[in-house]
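# Structural description and commentary
Okay, here's what each chain looks like letter by letter:
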Amino acid sequence: MKKITDAIDAANERIGKLTKQSKAAEKAKAEAEGAIRKAEDEFNAVMGRFNQCVFPEFSSNSPSKKPRFRKLGGLNRDPGSEGATRDEQDQNYSHDRRQ
């Protein structure tokens, strides 16, 4: 009878330990699922903002609308103004900006 009672007590202790481990595992699983949901939500938010981006459209039919940039210095001249002095480049830039 003593052996049976000891075996029952040992089984009850083991059941208690397994119950605690099971609860800890369930808690860890819930936390992991929450972390996954949070990461997916953050990713979806970023992708949602990305999908709102509008890429600028460039017209390929109008070469006269080519943007002009003012280049300073001798080696950084605008390709369309080879040999132009800096004053001429400044005048061209000012003229282009008024149009």
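Residues numbered from 1 in each chain as written. Predicted model: local features only at pLDDT ≥ 70, side-chain atom pairs only at ≥ 80, totals over all residues. Heavy atoms only, no water.

### Notes on the pattern of salt bridges
- Under the defined criterion, the tally for this structure stands at one salt bridge.
- Across the pair Asp6 and Lys2 runs a salt bridge whose closest N-O atoms are separated by 3.6 Å. Note that Asp6 and Lys2 are positioned in helix H1 (residues 2–51) at a spacing of four residues, about one turn of the helix.
- Judged by its relative accessible area of 38%, Asp6 falls in the partly exposed class.
- Residue class for Lys2 comes out exposed when judged on its relative accessible area of 61%. (Salt bridge = Lys/Arg side-chain N within 4 Å of Asp/Glu carboxyl O. Helix = DSSP H or I, 4+ residues; strand = E, 2+ residues; numbered from the N terminus. Buried < 20%, exposed > 50% of the residue type's maximum accessible area, 1.4 Å probe, protein only.)

### Considering a nonpolar patch on the surface
- Taken together, the side chains of Phe43, Val46, Met47 and Phe50 define a hydrophobic patch exposed on the protein surface, amounting to about 400 Å² of accessible area.
- In this fold, Val46 is placed in helix H1. (Patch = residues over 30% accessible without salt bridge, like charges linked within 9 Å, V, L, I, M, F, W, Y side chains within 5 Å. Areas by Shrake-Rupley, 256 points an atom, 1.4 Å probe, with all protein chains shown as cover.)

### A look at the confidence of the model for the chain
- Averaged over the chain, the pLDDT score is 77; the fraction of residues at 70 or greater is 60%.
- Per-residue pLDDT stays below 50 along residues 76–81; that stretch engages in 10 contacts with residues further than four places along the chain or on separate chains.
- Between residues 95–99, whose pLDDT stays under 50, and residues either more than four places distant or in other chains, the model counts one contact. (pLDDT = per-residue confidence, 0-100. Contact = heavy atoms within 4.5 Å.)

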